[in-house]
Amino acid sequence: MANGRLPHFVIIGAVKGATTWIHNQLQDNPAIYLPAPEPHFFSQEHAQGLDHYRRFFDGARPDQILGEKSADYLAHPDAPARLAAALPEARLVVQLRNPVDRAYSDYKMLFRRGTVTKGPEYYLDGRPNDQPRFLEDGLYAQHLRRWLAHFDAEQIKILLFEDVKAAPEASVAIVSDHIGAPRHYSKQVGSDPRNDSSERFLPLPVRTALAPLKEAVRPLRGKAMFERVRGVFARQIAYPPLPAALRQRMVDYYARDIADLEELIGRDLSHWRQDRKLAA
């Protein structure tokens, strides 16, 4: 039976901005309840209705603060109005990453899944293609203005990926204060946002064959025997590189939006406008 409660806070993005790391940190806090899967209710699953959404929080204790993370909310055109209609007092958390790095990281995620097969030039040079999200999701100022049309700025806490990497414990404290939760930092979750593109993965055909068993083996992840077996077959993926000339085109593509974002959030983002080598 659904408990009838709806979340007090929502982590709305951005995709590939290390939102999973902040989700896991908050999930480790006994005072907070976050469902493991992303509900995607205000983006992809809205037609399912609020009762469907409430079921994500059935496991919460009465004394816990409810929250959720669906990183695709930030860029979804309908999510701000939908979320405001259901949760007008919600505290929102946004984590932004250099949009060029974010776009390439998003490309690599779909490349390792086999969803895209062409090189980054096909998807990231600004020409129309079947994955507009790679570039468009990084137009942060454009997306944030939609959210600010429905929520007070005070309700939205914006973090930068590089701030989280430099000061992870302080970042968790900032978010905890914003959502009204006691501060709690887990060293076990990790001190550094994970760069999953450098991880080792099973070959795509094996991952595809094992996909139906994903939930069944989830409790085994991290166990010594499971990781030893996985390590025999897992390999680091060789991603098509991001050429320097293409990176510069992407920097130019985002320049105006970054300038707008600087004014919007009161932060100097000149380091995002520089053509520098992609961080590992």
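Rules and cut-offs
- Residues numbered from 1 in each chain as written.
- Predicted model: local features only at pLDDT ≥ 70, side-chain atom pairs only at ≥ 80, totals over all residues.
- Heavy atoms only, no water.
- Core = buried A, V, L, I, M, F, W, Y, C linked by side-chain atoms within 4.5 Å.
- Buried < 20%, exposed > 50% of the residue type's maximum accessible area, 1.4 Å probe, protein only.
- Helix = DSSP H or I, 4+ residues; strand = E, 2+ residues; numbered from the N terminus.
- Contact = heavy atoms within 4.5 Å.
- Polar contact = N/O pair within 3.5 Å; in protein donor to acceptor, adjacent residues only side chain to side chain.
- Phe/Tyr/Trp six-rings, centres within 6.5 Å; stacked < 30°, edge-to-face > 60°.
- Salt bridge = Lys/Arg side-chain N within 4 Å of Asp/Glu carboxyl O.
- Pairing = 2+ DSSP bridges.
- Axes fitted to C-alpha atoms, helices over the stretch in contact; angles between N-to-C directions.
- Parallel < 35°, antiparallel > 145°, perpendicular 65-115°, else oblique.
- Nonpolar A, V, L, I, M, F, W, Y, C, P; charged D, E, K, R; others polar.

Peer 1: Pulling in residues and values, what's your account of the nonpolar core?
Peer 2: Membership of the largest hydrophobic core comes to 51 residues, with the highest contact counts inside it found for Y73, L74, L83, L92, L96, L124 and W147. The element that contributes the greatest number of residues to this core is helix α4 (residues 99-113), accounting for 7 residues. Counting residues in each nonpolar core, the second largest holds 15 residues, with F9, W21, I22 and I179 among its members.

Peer 1: Provide a residue-level description of the environment of H143, including the pertinent values.
Peer 2: Inspection of the secondary structure puts H143 in helix α7 (residues 140-148). With relative accessibility at 4%, the residue H143 sits in the buried group. As a C-alpha pair, H143 and A75 span 68 residues in sequence and 5.5 Å in three-dimensional space. Excluding its chain neighbours within four sequence positions, the residues that come into contact with H143 are L74, A75, E136 and D137. A distance of 2.7 Å separates a polar side-chain atom of H143 from the backbone oxygen of E136.

Peer 1: Report on the packing of aromatic side chains, specifying residues and quantitative values.
Peer 2: For the structure shown, the criterion picks out 15 aromatic pairs. Arranged with centres 4.9 Å apart and planes meeting at 75°, the rings of F41 and F42 form a pair that is edge-to-face. In this structure F42 comes out as buried when scored by relative accessible area, which is 0%. Note on Y122 and Y123: the rings are 4.8 Å apart at their centroids and 85° apart in plane angle, and the pair reads as edge-to-face. Among the residues examined, Y122 registers a relative accessible area of 34% and is labelled partly exposed. You can call Y123 buried: its relative accessible area is 3%.

Peer 1: Give a description of the pattern of salt bridges that names residues and reports values.
Peer 2: Pairing between side chains of opposite charge can happen when the charged atoms of each approach one another. Per the counting criterion, the structure on display carries 13 salt bridges. R82 is the salt-bridge partner of D78, the closest N and O atoms lying 3.8 Å from each other. D78 sits in the partly exposed class, given a relative accessible area of 38%. In this structure, the salt-bridge partner of R183 is D177, at a minimum N-O distance of 2.5 Å. According to the relative accessible area criterion, R183 is exposed, its value standing at 59%.

Peer 1: Describe the sheet that holds strand β4 (residues 91-96), naming the residues involved and giving the relevant values.
Peer 2: If you walk across this open sheet you meet the 5 strands as β2-β3-β1-β4-β5, and the pairing is parallel. Sheet topology places β2 (32-33) and β5 (156-160) at the edges, where each strand pairs with a single neighbour. Contacting β1 (9-13), β4 and β5, α7 runs over the sheet at an angle of about 175° to β4.

Peer 1: So what's going on with the packing of α4 against helix α13 (residues 244-265)? Residues and values would help.
Peer 2: Viewed as axis vectors pointing N to C, α4 and α13 meet at an angle of 125°, and their least axial separation amounts to 9 Å. By the angle between their directions, the pair α4 and α13 is classed as oblique. Contacts from P99, V100, D101 and A103 of α4 reach α13 at R247, M250, V251, Y254 and I258. Residue composition of the contact of α4 with α13, grouped by class: 7 nonpolar, no polar and 2 charged.

Peer 1: With reference to specific residues and values, describe unusual backbone geometry.
Peer 2: Following G13, the chain continues to A14 via a peptide bond in cis, the omega torsion being 10°. Looking at the element boundaries, A14 is found in the loop between β1 and α1 (19-27). For A18, which is not glycine, the phi torsion reads 70° and is therefore positive. Note on A18: relative accessible area 13%, which makes it buried.

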